[in-house]
Amino acid sequence: MSEPTYDYQSKQESTDNNEKTDINHYNEKEAYLKTELEGAGSSKSSIDYDKEDTDVSIVNQIASTEDDPNIIVLTFRSILVGLILACLGSSVNQLMSFKPVSTPLSNVFMLIIAYVVCNLWAKHLPSGGWLNPGPFTIKEHTIIYVIVSSANTSAYGTFAIAAQELYFSNAPSAVGSIFLLFATQLVGYGIAGQLRPFLVYPSHMIWPTTLPTLSFLKSLNTPGNESKYLTRFFFAIFGCAFVWEFIPQYMFPLLSGFSVICLAKRDSVWIQRLFGGVAVNEGLGILSLSFDWNNLAYYSPLVFPFYVQMNIYFGLLLIWIIVPVVYYYDVWHAQSFPMLSNGIFSRDPVTGLSSKYPQAQVLNPDNSLNSTKLEEIGRPYFATFYALQYIFTNFAVTAIISHVALFHGKDIFRIVKNILKRKSSRQMDIHNTLMAAYKEVPSWWYYTIFILGTALNIGIGYLNKSQLPWWGFILAIVLSSVLSLPLNMIIAITGNHLGLNVVTEMVCGFILPGYPVANMYFKTVGYNTIHQAALMGSDLKIGHYLKLPPRIVFLAQLLGTVVGCVFNYIVNHTIVETKRDILLNPSSSVWSGANPQSMNSAAITWGAIGPMFMFGPGTEYYFFLWAFVVGFALPVPVWLLHRYFPKVGFNYVNIPLILIGFCTLPGTSSSWITVSFIIILVTQFYIKRRYLKWYVKHNYLLSAALDSGASLMVFLLSMTVFGGGNGISYNFPTWGGNRQDLVKAGHYIDYCCADC
């Protein structure tokens, strides 16, 4: 769970006798928990759901609580299959980042391929020796996952490289680009390694997003009839999700999101604003219905704990209440702009009308700021709710720091104290006890990665003419290093995260105004460092749960990262070179330059124009800066209430999560909110309490099957009928559930405002 203080026994001894005692103690505990779970079949669970260790005990039923250190891990087939899938995943992921709808291949789908190939390998190739050491093991499967997971991403640095090539002169060379990706990806690993005592070893850092993958790996690779049943269950759900997704994505897109109120009244723009939600920034999606898992999975309703979801949904409820009010009362000229928009606008003070901000007119040919033109045209405006999103994001950044300090400060202090005294900081639960059989990664390995990555960032920055001085790189890395613990602790506990992209843009804009390329590099280093630390921490936790030797996990992560960077660059450079005109033209339905465009727009807004002109004293948005100060105080009342009324449950009120929920819009569709909430009530509230045994065995496996089946169908559709492969779209015939004619006329497929 998130906030309770855990009182686990701290075992500092490392002798064999004490380790045996620990194992016996925790085997007894696990046997007890298993007995408790057995009673949860058809009636209310005998586990008291309000006990603090409930989620931890559920994890222990999914993870490995037995281990054989002699099981083979690193084999030729695991490395080869892992590398091939890493090349495929990183290439497809980078390719899809240039598509209007990004649908990369999921890690679970990659694991299915690995499972089939490696089992055929083990069955048909001559047994014995390095080529085929025997049956395919769960540890081999997991190390393939680590390699693939480290590579199957679109490195954030590729957005900066693409923006520099498309919009600025002096584009980086191939060497400069590849090593920029290496540098920005690897620094975060150095930080994550030092945070292992805080984010990996404690049992209450459960990393909820790892549980579907964990359940999938255990189900496919554990012998026995139950495992065979769970495997059939997974593939049955996977197949159903795959087939079903064809309907809302292609044949019947109205199922992706519709409002009964919109269907009943099609001539009101306010009805659209309040109840529409199938399209991005269409409306608030109040009581809209969606039957498309690709939308419903936005906040992983089957994965995140109930209290996490309730905090997020309270933030969404605030959106439904606050946004119509501020728009109705014309706060910050709200009615001059769209109710939901991520853009920047200019506003005529006489007519009150707005238009897209003429960014190109305030820039010189070399993309530096033309101050005369800026004074003439005026500063940009935000749509009011987008401005509120900035404020709440700034609230959240500092609220996370104070929240972690108040609710987890004692645990952090204890761990730091033990580290300084050179004592073990681990609390010896069953997982740490079993992992003691393996050599840990020395801290100096991570320090070396961190120092080399920092030096490489500085050197590449000068090579690529980034305009960011050496101390700017150090400041970005220090900022992300300091915030890595609180931000990634929130991820480890709740599964949700808050990026530093806006904060890094703002900080660099203050210290280096007028340098847009420098702002991109500062943002890339500052944001991506924390992001990579979170990804590595997640993989380390999976290795911890499934008892992989930490040194092998470390090497697998580096291998996957390096391969991913190389193929990210190759695909990124190829597309930018061959599709330059299309990427600069937002009208294409096959290719999209949205990511480099967003990177460039932010660089101009924060780097060239600068935050002082936007948010300085005397501007309407001056409170944006004070929001950082206010954010520190927001968790304090909740902490005081919990301190004086510890049995009420105030420890489950999580201010950062509420703020994250509020920042969901604008920028996405909203039709999923209502049905996703119903799913949460059914699974996380009802089934988890009354049918805990079923929940433990099926819930996370169900989530993995739905996610991978839906994502595979979306990927195939995007590459075939939606024109991602050959540029030709094959539209399904128009009918009542597929009104593409409304979309072409500037309306929405869910009939909202169709008669306006």
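Residues numbered from 1 in each chain as written. Predicted model: local features only at pLDDT ≥ 70, side-chain atom pairs only at ≥ 80, totals over all residues. Heavy atoms only, no water.

Focus on the overall build of the protein chain
Within the protein chain one finds 31 helices and three strands. For the protein chain, whose C-alpha radius of gyration is 26 Å, the value lies close to the compact-globule estimate of 27 Å for 756 residues. Along the first, second and third principal axes, the C-alpha atoms of the protein chain reach 80 × 65 × 60 Å. Counting every position in the protein chain, which comprises 756 residues, the buried fraction comes to 58%. Taking all contacts inside the protein chain whose residues are at least 6 apart in sequence as the whole, residues at least 24 apart take part in 80%. As displayed, the protein chain has an accessible area near 30100 Å², and 64% of this comes from carbon and sulfur atoms. Across the protein chain, the mean location of the 45 positive side-chain charges is 4 Å away from that of the 42 negative side-chain charges. (Helix = DSSP H or I, 4+ residues; strand = E, 2+ residues; numbered from the N terminus. Rg over C-alpha atoms; globule rule 2.2 N^0.38 Å. Buried < 20%, exposed > 50% of the residue type's maximum accessible area, 1.4 Å probe, protein only. Contact = heavy atoms within 4.5 Å. Areas by Shrake-Rupley, 256 points an atom, 1.4 Å probe, with all protein chains shown as cover. Lys, Arg positive; Asp, Glu negative; His and termini not counted. Charge placed at Lys NZ, Arg CZ, Asp CG, Glu CD.)

What to know about the pattern of salt bridges
Applying the stated rule across the entire model yields 10 salt bridges. Notably, a salt bridge pairs D267 with K265, separated by 3.2 Å at the nearest N-O pair. The salt bridge involving E577 is made with R580; its shortest N-O contact spans 4.0 Å. Owing to a relative accessible area of 45%, E577 belongs among the partly exposed residues under this scheme. (Salt bridge = Lys/Arg side-chain N within 4 Å of Asp/Glu carboxyl O.)

Some remarks on the sheet that holds strand β2 (residues 354-356)
Two pairing modes exist for strands in a sheet, parallel and antiparallel, and in both the strands are linked by backbone hydrogen bonds. Pairing in this open sheet of three strands is antiparallel, and the strands run β2-β1-β3 from one edge to the other. Edge positions in the open sheet fall to β2 and β3 (381-382), since each of these has one partner strand only. Relative to β2, strand β1 (residues 344-347) runs antiparallel, the two being bridged by three bridges. Opposite R347, over in β2, you have S354 as the bridge partner. (Pairing = 2+ DSSP bridges.)

Concerning the nonpolar core
One finds F234, L284, I319, F382 and M489 to be the most contacted residues of the largest nonpolar core, which totals 174 residues. The dominant element in this core, judged by the number of residues it contributes, is helix α16 (residues 384-420), at 16 residues. In this structure M489 touches F198, L199, M205, V404, H408, I412 and S484, once residues within four positions along its chain are discounted. With 31 residues, the next largest nonpolar core counts V187, I458, C508 and M599 among its residues. (Core = buried A, V, L, I, M, F, W, Y, C linked by side-chain atoms within 4.5 Å.)

A look at a nonpolar patch on the surface
On the surface, Y462, W470, W471, I474, L475, V478, V482, F510, I511 and M612 cluster together into a nonpolar patch covering about 920 Å² of accessible area. Secondary-structure assignment places V478 in helix α19 (residues 470-494). By relative accessible area, which is 43% here, V478 ends up partly exposed. (Patch = residues over 30% accessible without salt bridge, like charges linked within 9 Å, V, L, I, M, F, W, Y side chains within 5 Å.)

Re the environment of W470
Mapped onto the fold, W470 is located in helix α19. The exposure class assigned to W470 is partly exposed, which follows from its relative accessible area of 48%. W470 sits 110 residues away from R580 along the chain, and the two C-alpha atoms are 31 Å apart. Excluding residues within four positions of it along the chain, W470 makes contact with I458 and Y462.

Here we look at the state of the cysteines
Going through the model one piece at a time under the given rule, you end up with two disulfides. A disulfide bridge connects C262 with C752, and the sulfur atoms are separated by 2.0 Å. Torsion about the S-S bond of the C262 and C752 cystine: about 100°, corresponding to right-handed handedness. On the criterion of sequence distance, the pair formed by C262 in helix α11 (residues 260-264) and C752 in the segment after α31 (740-744) is long-range, its members being 490 residues apart. (Disulfide = S-S within 2.5 Å.)

Considering the packing of helix α3 (residues 76-96) against helix α4 (residues 107-124)
Packing of α3 against α4 leaves a shortest axis separation of 11 Å and a crossing angle of 150°. Here α3 and α4 pass one another in a crossing that is right-handed. Taken together, the residues of α4 that come into contact with α3 (itself represented by F76, R77, L80, V81, L85, L88 and G89) are M110, I113, A114, V117, C118, W121 and A122. (Axes fitted to C-alpha atoms, helices over the stretch in contact; angles between N-to-C directions. Left-handed = near helix turned anticlockwise from the far one by under 90°.)

Some thoughts on unusual backbone geometry
Phi is mostly negative for residues that are not glycine, and the peptide bonds are mostly trans. The omega torsion across L665 and P666 is -5°, close enough to zero to call that bond cis. The topology assignment puts P666 in the loop between α28 (655-662) and α29 (673-690). With a phi angle near 75°, Q467 is a residue other than glycine that sits in the positive phi range. As for its position among the elements, Q467 is in the loop between α18 (443-463) and α19.

Digging into the packing of aromatic side chains
The description of an aromatic ring pair uses the distance of the two centres, along with the angle that the planes make with each other. Overall, the coordinates contain 47 aromatic pairs when judged by the stated rule. A centroid spacing of 5.1 Å and a plane angle of 85° characterise the contact between F234 and F235, whose relative ring orientation is edge-to-face. On the basis of relative accessibility, which here comes to 31%, the residue F235 falls in the partly exposed class. Aromatic ring contacts, followed pair by pair, group W332, F382, Y386, Y390, W606, F615, Y621 and F624 into a single cluster. The residue whose ring lies beneath R273 is W270, and the NZ or CZ to ring-centre distance is 5.2 Å. (Phe/Tyr/Trp six-rings, centres within 6.5 Å; stacked < 30°, edge-to-face > 60°. Lys NZ or Arg CZ within 6 Å of the ring centre and 35° of its normal.)

So, the pairing of β1
As paired elements, β1 and β3 share two bridges and run antiparallel to each other. Within β3, the residue paired with I344 across the bridge is F382.

Comments concerning the environment of C663
Relative to the elements of secondary structure, C663 occurs in the loop between α28 and α29. Separated by 543 residues in sequence, C663 and L120 have C-alpha atoms that sit 47 Å apart.

As for the packing of helix α9 (residues 211-221) against helix α30 (residues 692-719)
For the pair α9 and α30, the least separation of the axes is 8 Å and the interaxial angle reads 105°. Taken together, the axes of α9 and α30 lie roughly perpendicular to each other. Mapping the contact onto sequence places L211, P212, S215, F216 and S219 in α9 and K697, Y700, L701, S703 and A704 in α30. The residue makeup of the contact of α9 with α30, split by class, is six nonpolar, three polar and one charged. (Parallel < 35°, antiparallel > 145°, perpendicular 65-115°, else oblique. Nonpolar A, V, L, I, M, F, W, Y, C, P; charged D, E, K, R; others polar.)

Section: the side chain of N132
Mapped onto the fold, N132 is located in the loop between α4 and α5 (138-151). Given the relative accessible area of 0%, N132 is considered buried. At 2.8 Å, the side chain of N132 and the backbone oxygen of L125 are in polar contact. (Polar contact = N/O pair within 3.5 Å; in protein donor to acceptor, adjacent residues only side chain to side chain.)

Structural notes on the side chain of S91
Among the secondary structure elements, S91 is positioned in helix α3. Only 2.7 Å separates the side chain of S91 from the backbone oxygen of C87, close enough to count as a polar contact. Ignoring sequence-local partners within four residues, the contact set of S91 consists of F567 and V571.

Observations concerning the confidence of the model for the protein chain
Residues of the protein chain with pLDDT of at least 70 account for 91%, and the chain-wide mean is 87. Ranking the helices and strands of the protein chain by mean pLDDT puts helix α27 (residues 635-644) first, with 97, and helix α1 (residues 16-38) last, with 42. Confidence drops under a pLDDT of 50 for residues 1-52, and excluding neighbours within four residues, the segment shows 101 contacts in the predicted structure. (pLDDT = per-residue confidence, 0-100.)

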